[in-house]
Amino acid sequence: MFGMETIQYNLPQSRIPLAWYNIVPDLPAPMAPPLHPGTLQPLGPDDLAPLFPMALIMQEVSAEREIEIPGEVRQIYAQWRPAPLMRARRLEKALDTPARIYYKYEGVSPAGSHKLNTAVPQAWYNKQEGVTHLATETGAGQWGSALAMACAFLGLDCKVFMVRVSYDQKPYRRALMETFGASVTASPSNTTDCGRAILAQHPDSRGSLGIAISEAVEVAAKDPKTKYALGSVLNHVLLHQTVIGQEAIEQMALAGDDPDVIIGCTGGGSNFAGLVMPFLGRKLKGKGHARIVAVEPAACPSLTKGRFVYDFGDTGHLTPLVKMHTLGSTFVPPGIHAGGLRYHGMAPLVSHVINLGLADAVTVQQLDAFAAGVQFARAEGIVPAPEANHAVAEAIHQALEAKAEGKPRVILFNLSGHGHFDMQSYIDYHAGKLENFEYPEEEIAMALAGLPVVP
Ligand SMILES: *Cc1c(COP(=O)(O)O)cnc(C)c1O
């Protein structure tokens, strides 16, 4: 007889969390407040009101440990949640490692990534406050697809500024957004002041998340019917993602294992925070011991090479100043295929946690990330998103370290999305056309020289 080994640790629909977990009240030190870019004074809720509905602004500044998930949002979550926790047994065998590797698979969402966990509540709260139109940016297209789907479910109009390099590389992502009813514009575009200003200086601009954010914010600021939605970085976005870690805690208990290391890739920090914050909250209360590792691309290393200072969230300097690890808001990252990791900054909450020494950060080169993704696909059958490949690479690295030590190690990572719309990057990888990018030292030094001066 062939003894069956457990691969999936699944929860019933009734175990979708009832509340999001806010780690802020459990942290040993408070976060630095966001500042008004004009007065340099801490921001008040009214300052954000042109861009966001009040319910999300209150979540942004909340000190409540638990924030109830609205019933209708939970009902929509049930379309794909609870997401599975998988034991990567075939990968373990391929690596011949004593490590036990688990991954939380967020690619089961209809939009293909974890982004839908926040797209749905963001659309829902906007709708409650009478908003009819949302404007946003998208890098790789994952966030745009998620918000487009959420808007289709909730009957809102959705306008997406898509970073030019992704717009050209990923026509199927654009088609998906349009299928959900969104309108998609390549950024920088000539439809906004900010886009026109960038194009005047750099007619061939590949775009960046920082530029696309400026365009979407400008549209929302100028039109009273339109609000803005952001797919990462902000506290309320990271909060919504904590369904991932809360489910994973229960699923690891089902597996009878406690992670020694928890890994997430970091672009703006949301999938990482979503998985790790619930575990970190427990650890701060003395439960669990996992080391927490954020993985970023070597070409855009905000956590490992950036400064922890106040900076703008966008290139056009329309957003508040937030204290975060940043490479400078004018830095345009190299055109790596992990478009979702091409952001000059990092979530203030993730930056704060790293600064407190509660988590570590490492970098991975593009070719190593794809090599890991291909190895993972051949063992586990899932083709990871290029962003998620960074987490896979670190998980494999940890498993090989355990092998070298000859000791078991329990590894948990977030497989934040699948790569089915990113196959052009795999085509390029197989054709030997992908390259590693050296750390763009001069450009980053220039961008850092332009940091705003905050006394
Ligand atoms: C957007 C995205 C990321 C990066 O964004 P975070 O906010 O850092 O999570 C990572 N993985 C996938 C699949 C994404 O779509």
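Residues numbered from 1 in each chain as written. Predicted model: local features only at pLDDT ≥ 70, side-chain atom pairs only at ≥ 80, totals over all residues. Heavy atoms only, no water.

Undergrad: Go over the sheet that holds strand 9 (residues 226-228), please, and point to the residues and values.
TA: Pairing within the open sheet is parallel, and its 4 strands lie in the order 8-7-6-9. Pairing within the sheet leaves two strands with one partner each, and these edge strands are strand 8 (183-187) and strand 9. Each strand of the sheet is rotated relative to its neighbour by a mean of 25 degrees, with strand direction disregarded. Each of strand 6 (133-138), strand 7 (157-163), strand 8 and strand 9 is contacted by helix 10 (residues 209-222), which is oriented at about 170 degrees to strand 6, the strand it contacts most. (Pairing = 2+ DSSP bridges. Helix = DSSP H or I, 4+ residues; strand = E, 2+ residues; numbered from the N terminus. Axes fitted to C-alpha atoms, helices over the stretch in contact; angles between N-to-C directions. Contact = heavy atoms within 4.5 Å.)

Undergrad: Describe the side chain of Lys-115, and please don't skip the residues or the numbers.
TA: Summarising the element assignment, Lys-115 is placed in the loop between strand 5 (100-105) and helix 5 (116-128). We note that Lys-115 is buried and unpaired, the nearest opposite charge coming from Glu-387 at a distance of 6.5 Å. Filtering out sequence-adjacent residues up to four positions away, Lys-115 remains in contact with Gln-142, Trp-143, Ala-146, Gly-231 and Gln-241. (Buried < 20%, exposed > 50% of the residue type's maximum accessible area, 1.4 Å probe, protein only. Lys, Arg positive; Asp, Glu negative; His and termini not counted. Salt bridge = Lys/Arg side-chain N within 4 Å of Asp/Glu carboxyl O.)

Undergrad: So, the packing of aromatic side chains: which residues are in play, and what are the values?
TA: Evaluated as defined, the whole model comprises 9 aromatic pairs. With a centroid separation of 6.1 Å and 55 degrees between ring planes, the pair formed by Tyr-9 and Tyr-102 is classed as tilted. Here Tyr-9, found in strand 1 (residues 8-9), pairs with Tyr-102, found in strand 5; they are 93 residues apart in sequence, far enough to count as distant. What makes Tyr-9 buried here is its relative accessible area of 9%. Taking the relative accessible area as the measure of exposure, Tyr-102 reaches 1% and is therefore buried. A network of ring pairs unites the aromatic residues Tyr-103, Phe-376 and Phe-413 as a single cluster. Its end group placed over the ring of Tyr-167, Arg-174 keeps NZ or CZ at 4.0 Å from the ring centre. (Phe/Tyr/Trp six-rings, centres within 6.5 Å; stacked < 30°, edge-to-face > 60°. Lys NZ or Arg CZ within 6 Å of the ring centre and 35° of its normal.)

Undergrad: Can you lay out the site of the ligand for me, pointing to particular residues and giving the numbers?
TA: Inspection of the region around the ligand gives 18 residues, with Lys-115, Ser-232, Gly-267, Ser-270 and Asn-271 positioned closest. Contacts to the ligand include Gly-267, whose backbone N or O atom sits 2.7 Å from an oxygen atom. The side chain of Ser-416 places a nitrogen or oxygen atom 2.8 Å from a nitrogen atom of the ligand. Expressed as a share of its isolated accessible area of 380 Å², the protein-covered part of the ligand is 97%. Taken together, the residues that form the shell around the ligand break down as 3 nonpolar, 13 polar and 2 charged. (Near = heavy atom within 4 Å. Polar contact = N/O pair within 3.5 Å; in protein donor to acceptor, adjacent residues only side chain to side chain. Areas by Shrake-Rupley, 256 points an atom, 1.4 Å probe, with all protein chains shown as cover. Nonpolar A, V, L, I, M, F, W, Y, C, P; charged D, E, K, R; others polar.)

Undergrad: Provide a residue-level description of the packing of helix 13 (residues 270-284) against helix 15 (residues 348-355), including the pertinent values.
TA: For any two helices packed against each other, one specifies the inter-axial angle together with the distance between the axes. Helix 15 packs onto helix 13 with a crossing angle of 50 degrees between their chain directions and a minimal axis gap of 11 Å. With respect to their mutual orientation, helix 13 and helix 15 come out oblique. Here helix 13 and helix 15 pass one another in a crossing that is left-handed. Across from Phe-272, Ala-273, Met-277 and Leu-280 in helix 13, the residues of helix 15 making contact are Leu-349, Val-350 and Val-353. Across the contact of helix 13 with helix 15, the residue classes tally to 7 nonpolar, no polar and no charged. (Parallel < 35°, antiparallel > 145°, perpendicular 65-115°, else oblique. Left-handed = near helix turned anticlockwise from the far one by under 90°.)

Undergrad: Outline the pairing of strand 5, supporting the account with residue identities and numerical values.
TA: Taken across its 6 residues, strand 5 has 5 buried, putting it largely inside the fold. Sheet analysis places strand 4 (residues 85-87) next to strand 5, joined by 3 bridges and oriented antiparallel. Residue pairing in the sheet places Met-86 in a bridge with Tyr-103 of strand 5. In terms of strand pairing, strand 5 meets strand 15 (residues 410-415) through 6 bridges, oriented parallel.

Undergrad: I'd love a proper account of the sheet that holds strand 1, names of residues and values included.
TA: Ordered by their spatial adjacency, 7 strands build an open sheet running 1-4-5-15-10-11-14, and the pairing between neighbours is mixed. The two strands at the open ends of the sheet, each matched to only one other strand, are strand 1 and strand 14 (360-364). Against the sheet, helix 12 (residues 242-255) engages strand 1, strand 4, strand 5 and strand 15, with an angle of about 145 degrees to strand 5. Across the sheet, helix 16 (residues 366-380) touches strand 4, strand 5, strand 14 and strand 15, and the angle it forms with strand 14 is around 90 degrees.

Undergrad: Account for the nonpolar core, naming residues and giving values.
TA: Counting residues in each nonpolar core, the largest one holds 57 residues, and the members touching the most others are Tyr-102, Tyr-228, Leu-275, Met-277, Val-350 and Leu-412. Those residues in contact with Leu-275, other than ones at most four positions away along the chain, are Ile-244, Gly-245, Ala-248, Ile-262, Ile-263, Leu-412, Phe-413 and Asn-414. Among the nonpolar cores identified, the runner-up in size contains 39 residues, and Trp-20, Ala-78, Met-149 and Ala-186 belong to it. (Core = buried A, V, L, I, M, F, W, Y, C linked by side-chain atoms within 4.5 Å.)

Undergrad: A description of the packing of helix 5 against helix 6 (residues 142-154) should follow, citing residues and the corresponding values.
TA: Between helix 5 and helix 6, the least distance of the axes is 8 Å, while the angle of their chain directions is 40 degrees. With respect to helix 6, the element helix 5 is oriented oblique. Judged by the sense of rotation from one axis to the other, the crossing of helix 5 with helix 6 is right-handed. Across the interface between the two elements, Leu-116, Thr-118, Ala-119, Val-120, Gln-122, Ala-123, Trp-124 and Lys-127 from helix 5 touch Trp-143, Ala-146, Leu-147, Met-149, Ala-150, Cys-151 and Leu-154 from helix 6.

Function cannot be read off these values alone, since they describe shape.
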